[in-house]
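Close look at the chain arrangement
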Amino acid sequence: MSRFIDNFYGPDTNPVLGIQKLHSMIIKDINEAEGLITFIKQRIAIEQLYSTKLVELKNKMLSTTVLDDMDSKTTTVVYRQYMEQTGILGDCHISMAETFAQLYPPIESFIDGCKKTMVPRAEAIHNGWIKYEKLKNEALSLEAIASKKFEDFEHYLEIDLHANEGIEPIADEGQLIQVGGRTMSIDSFNDLLSKMQSKVQCEDIWKMLGTLKECYQGQDLLKYLITDLSWTEATSREFLDDLINQGFIKPISGRGPFTTVVSYQWKKLALEALNEPPHKKQRREAHRAAFEASRTGNQVESFRMSLDSMMFEYIQLSHPILHEHIRLIKDTLLSMVDVEKISVVAIKQLEDQLGAFLESLDASKEVKAIPETERTGLRPPTVFVPKRFPSTEESRVFGVPLEIHTAALKLRVPPIIRKCLSYLDDTFALNSSDPTKRSSHLDAWLEPNINLAAIHSLRQALNSGTCSRKDLRKFPPEVIVGVVKQYLIELPDSVCCFDIYESLKMIYLSKTDDSTANRLNSIRNLLATMPTSHFYTLAHLTAYWSSLINHLPSTDPKISHLANSLGSYVLRPEVMLRI
């Protein structure tokens, strides 16, 4: 079954294409609803004017027409009755105007709700993606700078080695300094400053005069020295006081000795030694640039996930709104047809024409057809995977090609697939004879992923490479199923590679009288051409999914439902077409 959330993302060149499509439909619906309100109000004015003219005509005719004493004449009685009926007809149109007036307030409420709910969200998504592109370009620029600095470091290192070849090096490594009562070399001191800048959490602080970038809370700096370096609190405070006195850190407000209730900013990033070899300074700058690039890259991905949530919310909200628009227009027009029945039989033809059409209009069918005819994409925006530098410790899982990920681990199937599916098997006791457990396991794969916040939380844990089986117990099975789907849909190349998609499609759409065995052999031979990681990952997934349905009769609709639900996660074209 096609769902909005599966069909209204966009290509990398325009990730918000689906949002734009849905928003244009909603704006069109708002304009249509406003046009209907205008029509109803003008109709009310016409009915009121028509009613007033009919009543005035009746009163005028009854007051000016000379009726003789022969009131018992049939013609006179009919004539008088006809005049009286004119007044009744006027009252009928007043009733129609009053009934019409009750029809447009719900439409006004719908329009007001759409404008307050959807328009700001669409603007926020549009502006957000502009900001995202700017932030991503900044991340790419920082990555380029970091790469250049690492190249410069290698260059200066080679120059220094050649320059000092055969010369006894100056023992500047042993140059010692006193900081906060501790004696250390300049290199050790600079390494410590670098670790404090990279490992202590920083944040931007909003002030009335602007934003203070990269602020470190005093309690976080103190905690790092005590916890990570096993220093005493007194030694740590003395060290931080000395950093303030020497101008390495500065409180964002006030002056005085170090305190945990104030935030600080770095003013000097390192201590430059006399006669320091250029390659050492360049190395320090390269590692700092790599840290800045990595941090900005993480900010880009965090911002992208936030926008993904905003897009997910917008797409989810658009479905009931589009459905409500069709239902509201239908009910309003049906009510207007009923109002017309208050009037004369002459409106009957309009009732027959409009009534038959409106009765056949089904909001559910109309909305169901939209993803089939108007879809713009099956997958969320492509994952931004920050470039990995020599100083980068973490490795990525999501958005990394199967071949690269499995090759790095020397595995055929990604650990995330094995770990999650194995845990689901144990959780649902797949080999149990209890049919309810089998059904609940299958239903977890058939239901849509709605708890995106929990899926993002588990995705972040798995992406860090530190998520254990114990950590999986914190999440319900539906979230684990959702994160597996998220992993598959975010692969740059689908499990069934893009380059065999057209060939597979030709086999399935072929109208020749090939036997089933020949078709299966053709499919097997085609799948065998895929890279090892893709082939064994597909085999692992299909074996697992087959075990979910092997207890069902072959005619059970859940089998085809499962195939339709999971098809796009393992087999999709490189360029998504509308049909």
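No experiment lies behind these values; they were computed from the predicted model shown. (Residues numbered from 1 in each chain as written. Predicted model: local features only at pLDDT ≥ 70, side-chain atom pairs only at ≥ 80, totals over all residues. Heavy atoms only, no water.)

**Quick word on the overall build of the chain**
Counting secondary structure elements, the chain contains 19 helices and six strands. For the chain, contacts bridging at least 24 residues in sequence account for 75% of all contacts bridging at least 6. Of the roughly 32,100 Å² of accessible surface on the chain, a fraction of 56% belongs to carbon and sulfur atoms. (Helix = DSSP H or I, 4+ residues; strand = E, 2+ residues; numbered from the N terminus. Contact = heavy atoms within 4.5 Å. Areas by Shrake-Rupley, 256 points an atom, 1.4 Å probe, with all protein chains shown as cover.)

**A closer look at helix H18 (residues 532-549)**
Taking 1.5 Å per residue, 18 residues should reach 26 Å; H18 reaches 26 Å between its end C-alpha atoms and fits that length. Turning to H18, its buried residues are Ser-533, His-534, Thr-537, Leu-538, Leu-541, Tyr-544, Trp-545, Ser-547, Leu-548 and Ile-549. (Expected span 1.5 Å × (residues − 1). Buried < 20%, exposed > 50% of the residue type's maximum accessible area, 1.4 Å probe, protein only.)

**Some words on the pairing of strand S4 (residues 210-217)**
As paired strands, strand S3 (residues 203-207) and S4 are joined by four bridges and run antiparallel to one another. If you follow Glu-203 over to S4, its bridge partner there is Cys-215. Two elements, S4 and strand S6 (residues 263-266), share two bridges in a ladder whose sense is antiparallel. For Gln-217, the partnering residue across the bridge sits in S6 and is Ser-263. (Pairing = 2+ DSSP bridges.)

**Quick look at the pattern of salt bridges**
The final tally for this structure, using the stated rule, is 25 salt bridges. Here Arg-121 ties to Glu-313 by a salt bridge, and the two come within 3.1 Å at their closest N and O atoms. Of this pair, Arg-121 sits in helix H3 (residues 104-163) while Glu-313 sits in helix H7 (residues 278-340), placing them 192 residues apart in sequence. Residue Arg-121 is classed as partly exposed on the basis of its relative accessible area, which comes to 28%. Here Glu-313 falls in the partly exposed class, since its relative accessible area comes to 35%. (Salt bridge = Lys/Arg side-chain N within 4 Å of Asp/Glu carboxyl O.)

**Some details on the nonpolar core**
Residues Ile-417, Trp-445, Leu-458, Tyr-487, Leu-488 and Trp-545 are the most contacted members of the largest nonpolar core, which totals 52 residues. Secondary structure elements with two or more residues in this core: helix H11 (415-428), helix H12 (435-446), helix H13 (452-463), helix H15 (477-489), helix H16 (501-509), helix H17 (516-527), H18 and helix H19 (557-570). Other than its neighbours up to four places away in sequence, Tyr-487 contacts Val-397, Phe-398, Leu-402, His-405, Pro-414, Ile-416 and Ile-417. (Core = buried A, V, L, I, M, F, W, Y, C linked by side-chain atoms within 4.5 Å.)

**Section: the packing of H11 against H18**
At a minimum axis distance of 11 Å, the contact between H11 and H18 shows a crossing angle of 10°. For the element pair H11 / H18, the angle class is roughly parallel. Residues Ile-417, Arg-418, Leu-421, Leu-424 and Asp-425 of H11 form the contact with H18, whose participating residues are His-540, Leu-541 and Tyr-544. Considered class by class, the residues forming the contact of H11 with H18 number five nonpolar, one polar and two charged. (Axes fitted to C-alpha atoms, helices over the stretch in contact; angles between N-to-C directions. Parallel < 35°, antiparallel > 145°, perpendicular 65-115°, else oblique. Nonpolar A, V, L, I, M, F, W, Y, C, P; charged D, E, K, R; others polar.)

**Looking at unusual backbone geometry**
Even without being glycine, Glu-214 reaches a positive phi, approximately 50°. With respect to the element layout, Glu-214 can be found in strand S4. Phi is positive for Lys-410, which is not a glycine, with a value near 60°. Relative to the helices and strands, Lys-410 resides in the loop between helix H10 (402-409) and H11.

**Looking at the packing of aromatic side chains**
Counted according to the given criterion, the structure contains 10 aromatic pairs. Residues Trp-231 and Phe-239 carry aromatic rings whose centres are separated by 5.1 Å and whose planes lie at 80° to one another, so their mutual orientation is edge-to-face. Phe-239 matches Trp-231 in its accessibility class, with the two residues each being buried. By way of ring pairs, the aromatic residues Phe-189, Trp-231, Phe-239 and Phe-248 are connected into one cluster. Here the guanidinium or amino end of Lys-41 rests over the ring plane of Tyr-104, the centre of that ring lying 5.1 Å away. Note that Lys-268 overlies the ring of Phe-248, its terminal NZ or CZ placed 4.4 Å from the centroid. (Phe/Tyr/Trp six-rings, centres within 6.5 Å; stacked < 30°, edge-to-face > 60°. Lys NZ or Arg CZ within 6 Å of the ring centre and 35° of its normal.)

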